[in-house]
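An overview of the molecular structure
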Amino acid sequence: MEQTKIKLTFSIFGDSFNPEHLTQNIGIEGISFHKKGDAIPNRENLTWKETSWSYSTGFVETLFFDELTDHLVHILETKIDYILPFVKELELEVKLFVVVEIVDEVKPAIYVNRKILDFLNLFKAEIDFDLYLIDSNE
């Protein structure tokens, strides 16, 4: 039976930088990236307008948003000494994408704790929430 789930994606993006270099230097798995001008998969004649590097938790069945944000911070905070100067030097932008799939009206607790706020504030990052209502009977 499908359950409510949440996915977090921490993304760094800008006009031009080497995402492979960032991946190699921080050594975290679960990374995805694309370069400005690369073709967008499954989109005929469309290309990416910027370069992007992302780490995602993937979808996790949970009702506790702060469990996932704590996990994300735990993974990335050990790499902050490399990521933060990289972002600042190249004048890149950072965003946390949050996707919540609410199944059968079972709503998660969306609590944004100080730990994630402080972490995102280091980057002057934004948060983007997407909420989807899923009916498991359909």
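We now turn to the structure provided with this report.

**Structural notes on the packing of aromatic side chains**
- A complete count under the given rule lists six aromatic pairs for this structure.
- Here Phe-17 and Phe-86 contribute two aromatic rings whose centre-to-centre distance is 5.8 Å and whose plane-to-plane angle is 80°, an arrangement assigned as edge-to-face. Of this pair, Phe-17 sits in the loop between β1 (5-14) and α1 (19-26) while Phe-86 is found in helix α3 (residues 80-89), placing the two residues 69 residues apart along the sequence. Phe-86 matches Phe-17 in its accessibility class, with the two residues each being buried.
- For the ring pair Tyr-82 and Phe-86, a centre distance of 5.9 Å and an interplane angle of 25° mean the geometry is stacked. You can see Tyr-82 and its partner Phe-86 sitting in helix α3, four residues apart, about one turn around the helix.
- Of the residues examined, Tyr-82 reaches a relative accessible area of 26% and is grouped as partly exposed.
- One aromatic cluster is present, built from ring pairs that chain together Phe-10, Phe-119 and Phe-123.

**Here we look at the nonpolar core**
- Grouped together as the largest cluster of nonpolar side chains are 30 residues, with contacts concentrated most on Phe-10, Ile-12, Phe-119 and Phe-123.
- Broken down by secondary-structure element, the contributors of at least two residues to this core are β1, α1, β3 (51-56), α2 (65-77), α3, β5 (93-103) and α4 (114-122).
- With residues up to four places along the chain from it excluded, the contact list for Phe-10 reads Trp-53, Ser-54, Tyr-55, Leu-72, Leu-76, Val-94, Lys-95, Leu-96, Phe-119, Leu-120 and Phe-123.

**Quick word on α3**
- Turning to α3, its buried residues are Ile-80, Ile-83, Leu-84, Phe-86 and Val-87. The buried residues of α3 occupy an angular sector of 165° when the element is viewed end-on, so they sit on one face. In this structure, α3 carries Asp-81, Lys-88 and Glu-89 as exposed residues pointing more than 90 degrees from its buried face.
- Elements in contact with the buried residues of α3: β1, α1, α2, β5 and α4.
- Directly beyond the C-terminal end of α3, a positive phi value near 55° is found at Glu-91.

**Examining the side chain of Thr-69**
- Position of Thr-69 relative to the elements: it lies in helix α2.
- Excluding anything up to four places from it in sequence, Thr-69 contacts Leu-8, Asn-113 and Ile-116.

**Brief notes about a nonpolar patch on the surface**
- A contiguous nonpolar patch, built from Ile-110, Leu-117, Ile-127 and Phe-129 and spanning about 300 Å² of accessible area, is present on the exposed surface.
- With respect to the helices, strands and loops of the structure, Phe-129 is situated in strand β6 (residues 126-134).

**Remarks on the pairing of β5**
- In terms of burial, β5 is a largely internal element, nine of the eleven residues being buried.
- In terms of strand pairing, β1 meets β5 through nine bridges, oriented antiparallel. Paired with Thr-9 across the strands is Phe-97, a residue of β5.
- Across nine bridges, the pairing between β5 and β6 is parallel. Bridging from a neighbouring strand, Val-98 pairs with Phe-129 of β6.
- In the classification by handedness, the crossover that spans β5, the intervening α4 and the parallel β6 is right-handed.

Calculation notes
- Residues numbered from 1 in each chain as written.
- Predicted model: local features only at pLDDT ≥ 70, side-chain atom pairs only at ≥ 80, totals over all residues.
- Heavy atoms only, no water.
- Phe/Tyr/Trp six-rings, centres within 6.5 Å; stacked < 30°, edge-to-face > 60°.
- Helix = DSSP H or I, 4+ residues; strand = E, 2+ residues; numbered from the N terminus.
- Buried < 20%, exposed > 50% of the residue type's maximum accessible area, 1.4 Å probe, protein only.
- Core = buried A, V, L, I, M, F, W, Y, C linked by side-chain atoms within 4.5 Å.
- Contact = heavy atoms within 4.5 Å.
- Arc of directions from axis to C-beta.
- Patch = residues over 30% accessible without salt bridge, like charges linked within 9 Å, V, L, I, M, F, W, Y side chains within 5 Å.
- Areas by Shrake-Rupley, 256 points an atom, 1.4 Å probe, with all protein chains shown as cover.
- Salt bridge = Lys/Arg side-chain N within 4 Å of Asp/Glu carboxyl O.
- Pairing = 2+ DSSP bridges.
- Right-handed = clockwise from strand over helix to strand, strands pointing away.

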